[in-house]
Amino acid sequence: MAVCIAVIAKENYPLYIRSVPTQNELKFHYTVHTSLDVVEEKISAVGKSLGDQRELYLGLLYPTEDYKVYGYVTNSKVKFVIVVDSSNTSLRDNEIRSMFRKLHNSFTDVMCNPFHNPGDTIQSKAFDGIVSGMMVQTG
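Keep in mind that this is a model prediction, so the values were computed, not measured.

Moving on, we come to the packing of aromatic side chains. Evaluated as defined, the whole model comprises six aromatic pairs. Ring geometry for tyrosine 57 against phenylalanine 100: centres 5.9 Å apart, planes inclined by 55°, an arrangement best described as tilted. With tyrosine 57 in strand E3 (residues 57-63) and phenylalanine 100 in helix H2 (residues 93-111), this pair connects stretches of sequence that are 43 residues apart. Between phenylalanine 80 and phenylalanine 107, the aromatic rings sit 5.4 Å apart at their centres with planes inclined by 80°, giving edge-to-face as the arrangement. Of this pair, phenylalanine 80 sits in strand E5 (residues 79-85) while phenylalanine 107 sits in helix H2, placing them 27 residues apart in sequence. Summarising the burial analysis for this pair, phenylalanine 80 and phenylalanine 107 share the class buried. Each member of the aromatic cluster is reached from another via a ring pair, and the members are Tyr57, Tyr72, Phe80, Phe100 and Phe107.

Next up, the structure:
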């Protein structure tokens, strides 16, 4: 499963980042922020070719030696990034898609909360629970 899950706002600041193990948190912040360039590149390339009928799932953004980074963009330009361990070869593309769908649905629930201000960091226990279910269980 995922080792890092991030939600990035339209203006490219983090709304939510969670990683396992926590001692690599700074490394994952760097990985997520470097992936934003690839996300922007894919959005602009797809936008030119298909008009506005774009696929929300961006697929594999880039692989590194240790991790694979996947991306997803909502219609409101909020970006989801999931980092998966490269050694996990059993994880298929449709499983990554379903993780993004579940994350998007939970994000929508957070945004529909009347007590949440759009643009603030996400501090929902329900959202945290969904993310925890997607993370690698260590120990």
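Having seen the structure, we can now continue with the description.
Further remarks concern the sheet that holds strand E1 (residues 2-8). Across the sheet, which stays open at both edges, the five strands sit in the order E2-E1-E5-E4-E3 with antiparallel pairing between neighbours. In this open sheet, the two edge strands, each paired with only one partner strand, are strand E2 (14-19) and E3. Strand-to-strand twist across the sheet, computed as the mean angle between neighbouring axes with direction ignored, equals 15°. Pairing between E1 and E2: five bridges, direction antiparallel. Note that in E2 the partner of valine 7 across the bridge is tyrosine 16. Each of E1, E2, E3, strand E4 (67-73) and E5 is contacted by H2, which is oriented at about 140° to E5, the strand it contacts most.

Calculation notes
Residues numbered from 1 in each chain as written. Predicted model: local features only at pLDDT ≥ 70, side-chain atom pairs only at ≥ 80, totals over all residues. Heavy atoms only, no water. Phe/Tyr/Trp six-rings, centres within 6.5 Å; stacked < 30°, edge-to-face > 60°. Helix = DSSP H or I, 4+ residues; strand = E, 2+ residues; numbered from the N terminus. Buried < 20%, exposed > 50% of the residue type's maximum accessible area, 1.4 Å probe, protein only. Pairing = 2+ DSSP bridges. Axes fitted to C-alpha atoms, helices over the stretch in contact; angles between N-to-C directions. Contact = heavy atoms within 4.5 Å.

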